[in-house]
Amino acid sequence: MTARVLGIDVGGTTMKAAVRTRRTDGRLGEPEWTARRATPPDETAADALGEFAEALIAEHGPVDAVGLAIPGIVDDAAGIAEFSVAPTWADLPLREAMAARLGLPVALGHDTRMGGLAEGRAGAAVGCRDYLFISLGTGVGGMLCLDGSPRLGPHHRAGELGHLVVDPLGVECGCGQRGCLETIASATGIARLYGRGVSAREVARRAADGDARAAEVWREAVSALVTALLSAVTLFDLSLVVLGGGVAQAGEQLLEPVRRELASRLTFQHAPEVVGAALGDEAAVLGAALIALDLLDQPDLFNKDGKK
Ligand SMILES: [Zn+2]
């Protein structure tokens, strides 16, 4: 069945949208159009999201369903935005509110999980049933896919690799623990460790140019990431690790030392393949479109009482 869906990735600063059509042969066409709008920094974000979707549909024609990728703590199955600082919301039944406002089926999921889902269906993890997707950006997010299904957990908090403690005596994380992976291997963490007011991208560049302090910070980020990966591989016996987000744009400068250190620290475990993400920052928008298509195929997939 052909279907036309709208996917929106609601980021802390920007909302990104694209319309995708699935053709009769089941294949997904290229984005028909894409659009961006600023996310308001306050509690008007949900209303702005509704307006954005309405304006896009009015301008570009009807769609069959809408998919949303949102940040923070998200109950994908119940469609509830539980908590986020940017955009600002708490315990918001966003899926039902959007469905009522637009008069359309709406699917909703956590942004990192939507990115990981898209990498699994159309990116770096196609054909892989057991993989970990890690987004190394301002923060560190993760999505664990086991036996072909994204693992949410009973409280939809599974896969939060950024908050694995890798240095128990380390600095305090935004989550309240100390020494989370995110405090060391996120873009924010790398910039903080290096100091001197430069970005993580600049630290990577300086490390490549032979700046000893930058190289040390980069090694520290790699080691912290490998410590977290060791735990993940030991627990879940993964085939593949996909590294995405801004920090992973360093490519082999990140991938090569991660592979090398991971191989040297594993003992009985099998080393997973470690690759860069294929979909860049469009992954979550595509993931949002994919869950909208899933919803059309299986309308009872996300039923009202939140059971799958
Ligand atoms: Zn944390």
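Analysis parameters
Residues numbered from 1 in each chain as written. Predicted model: local features only at pLDDT ≥ 70, side-chain atom pairs only at ≥ 80, totals over all residues. Heavy atoms only, no water. Pairing = 2+ DSSP bridges. Helix = DSSP H or I, 4+ residues; strand = E, 2+ residues; numbered from the N terminus. Axes fitted to C-alpha atoms, helices over the stretch in contact; angles between N-to-C directions. Expected span 1.5 Å × (residues − 1). Buried < 20%, exposed > 50% of the residue type's maximum accessible area, 1.4 Å probe, protein only. Contact = heavy atoms within 4.5 Å. Donors = N, O, S within 2.8 Å, 3.2 Å for Na, K, Ca; no water. Tetrahedral: all angles 85-135°; square planar, octahedral: opposite > 155°, others 65-115°. Salt bridge = Lys/Arg side-chain N within 4 Å of Asp/Glu carboxyl O. Core = buried A, V, L, I, M, F, W, Y, C linked by side-chain atoms within 4.5 Å. Lys, Arg positive; Asp, Glu negative; His and termini not counted. Polar contact = N/O pair within 3.5 Å; in protein donor to acceptor, adjacent residues only side chain to side chain. Phe/Tyr/Trp six-rings, centres within 6.5 Å; stacked < 30°, edge-to-face > 60°. Lys NZ or Arg CZ within 6 Å of the ring centre and 35° of its normal. Parallel < 35°, antiparallel > 145°, perpendicular 65-115°, else oblique. Left-handed = near helix turned anticlockwise from the far one by under 90°. pLDDT = per-residue confidence, 0-100. Nonpolar A, V, L, I, M, F, W, Y, C, P; charged D, E, K, R; others polar.

**A short note on the sheet that holds strand 5 (residues 73-75)**
Within a sheet, neighbouring strands are paired by backbone hydrogen bonds and run either parallel or antiparallel to one another.
Working step 1: The strand order across the open sheet built from three strands is 5-6-7, with neighbouring strands paired in antiparallel fashion. At either end of the open sheet lies a strand with only one pairing partner, and these are strand 5 and strand 7 (89-92). With strand direction ignored, the average angle separating the axes of adjacent strands in the sheet is 15°.

**Quick look at helix 8 (residues 252-265)**
Working step 1: For helix 8, spanning 14 residues, the distance from its first C-alpha to its last is 19 Å, which sits close to the expected 20 Å at 1.5 Å a residue.
Working step 2: Buried residues of helix 8: Leu254, Leu255, Pro257, Val258, Glu261 and Leu262, and no others.
Working step 3: Where helix 8 is buried, its residues contact strand 9 (131-136), helix 7 (212-236), strand 12 (240-244) and strand 13 (273-276).

**Some words on the coordination of the zinc ion**
Working step 1: Those protein atoms acting as donors to the zinc ion are His163 (ND1), Cys173 (SG), Cys175 (SG) and Cys180 (SG), and they sit at 2.0 to 2.3 Å.
Working step 2: What the four donor atoms of the zinc ion show is an angle range of 105 to 121° at the metal, which sorts the shape as tetrahedral.
Working step 3: Here the donor residues for the zinc ion map to a single chain with the spacing H-x9-C-x1-C-x4-C. Residue histidine 163 is located in the loop between strand 11 (149-150) and helix 4 (182-185), and its partner cysteine 180 is located in the loop between strand 11 and helix 4; the two are separated by 17 residues in the primary sequence.

**Digging into the pairing of strand 8 (residues 106-110)**
Working step 1: Within strand 8, five of the five residues are buried, leaving the element largely enclosed by the surrounding structure.
Working step 2: Summarising the sheet, strand 4 (residues 65-70) and strand 8 pair through five bridges and their orientation is parallel. Each residue of the ladder has a partner; that of glycine 67, found in strand 8, is alanine 107.

**Notes on the sheet that holds strand 8**
Working step 1: Strands sit in the order 3-2-1-4-8 across an open sheet of five strands; the sheet is mixed. Of all strands in the sheet, those with a lone pairing partner are strand 3 (34-38) and strand 8, marking the two edges. Neighbour to neighbour, the strand axes of the sheet diverge by 20° on average, direction disregarded.
Working step 2: Summarising the sheet, strand 1 (residues 3-10) and strand 4 pair through five bridges and their orientation is parallel. The partner of valine 5 across the bridge, within strand 4, is alanine 65.
Working step 3: Running at roughly 150° to strand 8, helix 2 (residues 94-102) makes contact with strand 4 and strand 8 of the sheet.
Working step 4: Contacts from helix 9 (residues 283-297) reach strand 1, strand 2 (14-22), strand 4 and strand 8 within the one sheet, and its direction differs from that of strand 1 by about 135°.

**Some points on the pattern of salt bridges**
Working step 1: Within the structure shown, the criterion is met by 18 salt bridges.
Working step 2: Arginine 22 serves as the salt-bridge partner of aspartate 297, at 2.9 Å between the closest nitrogen and oxygen. Of this pair, aspartate 297 sits in helix 9 while arginine 22 sits in strand 2, and the two are 275 residues apart along the sequence.
Working step 3: We classify arginine 22 as buried; its relative accessible area is 13%.

**Details of the nonpolar core**
Working step 1: Counting residues in hydrophobic clusters, the biggest one holds 43 residues, and the most contacted among them are Ile134, Leu136, Leu181, Leu225, Leu243 and Leu254.
Working step 2: Looking at this core, the elements that each hand over two or more residues are strand 9, strand 10 (140-146), helix 4, helix 5 (187-194), helix 6 (200-208), helix 7, strand 12 and helix 8.
Working step 3: Ignoring sequence-local partners within four residues, the contact set of leucine 181 consists of Val140, Leu161, Gly162, Leu164, Val166, Ser186, Ala224, Leu225 and Ala228.
Working step 4: With 27 residues, the next largest nonpolar core counts Trp33, Ala48, Leu49 and Leu94 among its residues.

**A short note on the side chain of aspartate 75**
Working step 1: For aspartate 75, the location among the structural elements is in strand 5.
Working step 2: Buried aspartate 75, no salt bridge; nearest opposite-charge side chain is arginine 113, N-O distance 7.0 Å.
Working step 3: A polar contact is formed between the side chain of aspartate 75 and the backbone nitrogen of alanine 78, at a distance of 3.1 Å.
Working step 4: In this structure, aspartate 75 is in contact with Ile80, Glu82, Leu108 and His156, ignoring residues within four places of it in sequence.

**Looking at the packing of aromatic side chains**
Working step 1: What the rule picks out here adds up to zero aromatic pairs.
Working step 2: Directly above the ring of tyrosine 194 sits arginine 196, whose terminal nitrogen or CZ lies 4.6 Å from the centroid.

**Here we look at the packing of helix 1 (residues 45-60) against helix 2**
Working step 1: It is the contact of helix 1 with helix 2, at a shortest axis distance of 11 Å, that shows an interaxial angle of 40°. Taken together, the axis directions place helix 1 and helix 2 in an arrangement best described as oblique. As for the relative orientation of helix 1 and helix 2, their crossing is right-handed in sense. Packed against helix 1, whose contacting residues are Ala46, Asp47, Leu49, Gly50, Glu51, Ala53 and Glu54, the element helix 2 presents Leu94, Met98, Arg101 and Leu102 at the interface.

**Here's the deal with the confidence of the model for the chain**
Working step 1: Confidence along the chain averages 94 in pLDDT terms, with 97% of residues attaining 70 or more.
Working step 2: Confidence drops under a pLDDT of 50 for residues 302-308, and excluding neighbours within four residues, the segment shows 13 contacts in the predicted structure.

**Observations concerning the packing of helix 6 against helix 7**
Working step 1: Where helix 6 meets helix 7, the closest approach of the two axes is 7 Å, and the angle between their N-to-C directions is 115°. At the point where helix 6 passes helix 7, the crossing takes the left-handed sense. Of the residues in helix 7, those in contact with Ala200, Val203, Ala204, Arg206 and Ala207 of helix 6 are Ala214, Ala215, Val217 and Trp218.
Working step 2: Of the residues assigned to the contact of helix 6 with helix 7, the class counts are eight nonpolar, no polar and one charged.

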